[in-house]
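# Structural characterization, general
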Amino acid sequence: PDVRRRAAKALGTIRDSRALEDVVSCLQDSAKDVREDAAQALGKMRDHRAVDPLIAALNDSARDVRKEAAKALGMIRDQRAVEPLIAALGDSAEDVRKDAAKALGRIRAHSAVEDLISSLQDTASGVREEAAKALGRIRDTRAKEELSTALRDTSKGVRKRAEKSLKRLNAK
């Protein structure tokens, strides 16, 4: 597993598209760490052919694999990932929800605005913060009222991010 893991990392670093299928096959590896590093490598490669396998990895049994798959999909910025990332906003793991929100912001997924607004009520402040940031990146005015409400969040980070996002919406 260590050799496969290092190989996946190296292939992601060099970003050679000829290795894409080999890295994608690592998403099926029996070792969780290999799958995790493969997802990370695919994000670095930014090849749209990796989107479907990464979407499948959002359902991996390992939290870290799901998290890296969400990150990778955000790096690739392909609209096909929007609905699966919206579904990942409901993941049981906080960091998966957080990275799904971040990815939706990177994709600038207007169809995810309502779901991101709902994520402003997440129990985890990190998820609420990323949702507020994503809403600012998307710049959809439907989020103004909820971002204004987030200015009174218990978390300083959420309040700060909501303020920045509102400024972006008002600058539109």
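Below you will find a few notes about this structure. Quick caveat: nothing in here was measured; it's all calculated off a predicted structure.

Look at Arg46: it is not a glycine, yet its phi comes out positive at around 55°. With respect to the secondary-structure elements, Arg46 resides in the loop between helix H3 (32–45) and helix H4 (51–57). The class of Arg46 is partly exposed, set by a relative accessible area of 36%. Despite not being glycine, Arg108 shows a phi value in the positive range, around 60°. Tracing the sequence through the fold places Arg108 in the loop between helix H7 (94–107) and helix H8 (113–119). Residue classification places Arg108 among the partly exposed positions, given a relative accessible area of 35%.

Their axes nearest at 8 Å, the elements H7 and helix H9 (residues 125–138) cross at an angle of 5°. Classified by the angle their axes make, H7 and H9 are roughly parallel. The segment H7 lies against H9, with Glu94, Arg97, Lys98, Ala101, Lys102, Leu104, Gly105 and Arg106 engaging Gly126, Val127, Glu130, Ala131, Ala134, Arg137 and Ile138. When its residues are assigned to classes, the contact of H7 with H9 shows 6 nonpolar, 2 polar and 7 charged.

Now for the environment of Gly136. Tracing the chain through its elements places Gly136 in helix H9. The residues contacting Gly136, other than those within four sequence positions of it, are Ser165 and Arg168.

Quick look at the nonpolar core now. Core analysis: the biggest nonpolar cluster contains 55 residues, and Leu54, Leu85, Leu104, Leu116 and Leu147 have the highest contact counts within it. Not counting chain neighbours up to four residues away, the residues in contact with Leu116 comprise Leu89, Ala101, Leu104, Ala131, Ala134, Leu135 and Ile138.

Our next topic: H3. Taking 1.5 Å of rise per residue, the 14 residues of H3 would be expected to cover 20 Å, and the 20 Å separating its terminal C-alpha atoms lies within 8% of that figure. Burial of H3 is extensive: 10 of the 14 residues sit out of reach of the surface. Burial in H3 covers these residues: Val34, Arg35, Glu36, Asp37, Ala38, Ala39, Ala41, Leu42, Gly43 and Met45. Downstream of H3 by a residue or two, Arg46 has a phi angle that is positive, lying close to 55°.

Residue placement: Glu130 occurs in helix H9. Lys133 provides the closest opposite charge to the buried, salt-bridge-free Glu130, at an N-O distance of 4.8 Å. In this view, Glu130 contacts Lys98, Ala101 and Lys102; residues no more than four positions away in its chain are not counted.

Turning to the environment of Asp16, a few remarks are in order. Locating Asp16 in the fold gives a position in the loop between helix H1 (2–14) and helix H2 (20–25). It is 7.3 Å that separates the C-alpha atoms of Asp16 and Met45, two residues lying 29 residues apart in sequence. With residues near it in sequence (within four places) discarded, Asp16 still touches Leu11 and Met45.

Evaluation of the coordinates by the stated rule reveals 20 salt bridges. The closest approach of N and O atoms between Asp33 and Lys32, which form a salt bridge, is 3.1 Å. Of the residues examined, Asp33 reaches a relative accessible area of 31% and is grouped as partly exposed. Between Asp78 and Arg80 there is a salt bridge, with its nearest N and O atoms 2.9 Å apart. Its relative accessible area of 12% is what places Asp78 among the buried residues.

Cut-offs used in this document
- Here the residue numbers are simple positions, counted from 1 along each chain's written sequence.
- Per-residue local features of the predicted model are confined to residues with pLDDT of at least 70, and side-chain atom pairs are confined, for both listing and counting, to 80 or more; whole-chain, interface and lining totals are unaffected and use all residues.
- Side-chain numbers here rest on the full set of heavy atoms in the structure, without hydrogens or water.
- Per the convention used, a helix needs a DSSP run of H or I reaching at least four residues, while a strand needs a run of E reaching at least two, with both numbered from the N terminus.
- A simple rule labels every residue: compare its accessible area, found with a 1.4 Å probe on the protein chains alone, to the largest value its type can have, and call it buried under 20%, exposed over 50%, or partly exposed in between.
- The axes are straight lines fitted to the C-alpha atoms, using for helices just the contacting stretch, and the angles between their N-to-C directions are given from 0 to 180°.
- Oblique is the label for any angle not covered by the other classes, which are roughly parallel (under 35 degrees), roughly antiparallel (over 145) and roughly perpendicular (65 to 115).
- It only takes one pair of heavy atoms within 4.5 Å for two residues to be counted as in contact.
- Note on residue classes: Ala, Val, Leu, Ile, Met, Phe, Trp, Tyr, Cys and Pro are nonpolar, Asp, Glu, Lys and Arg are charged, and everything else, Gly too, is polar.
- Each nonpolar core is a collection of buried residues, namely Ala, Val, Leu, Ile, Met, Phe, Trp, Tyr and Cys, held together in the definition by side-chain atoms within 4.5 Å.
- The span expected for a helix works out to 1.5 Å for each residue beyond the first.
- The positive count covers Lys and Arg only, the negative count covers Asp and Glu only, and His and the chain ends enter neither.
- By salt bridge we mean one thing: a side-chain nitrogen of Lys or Arg within 4 Å of a carboxyl oxygen of Asp or Glu.

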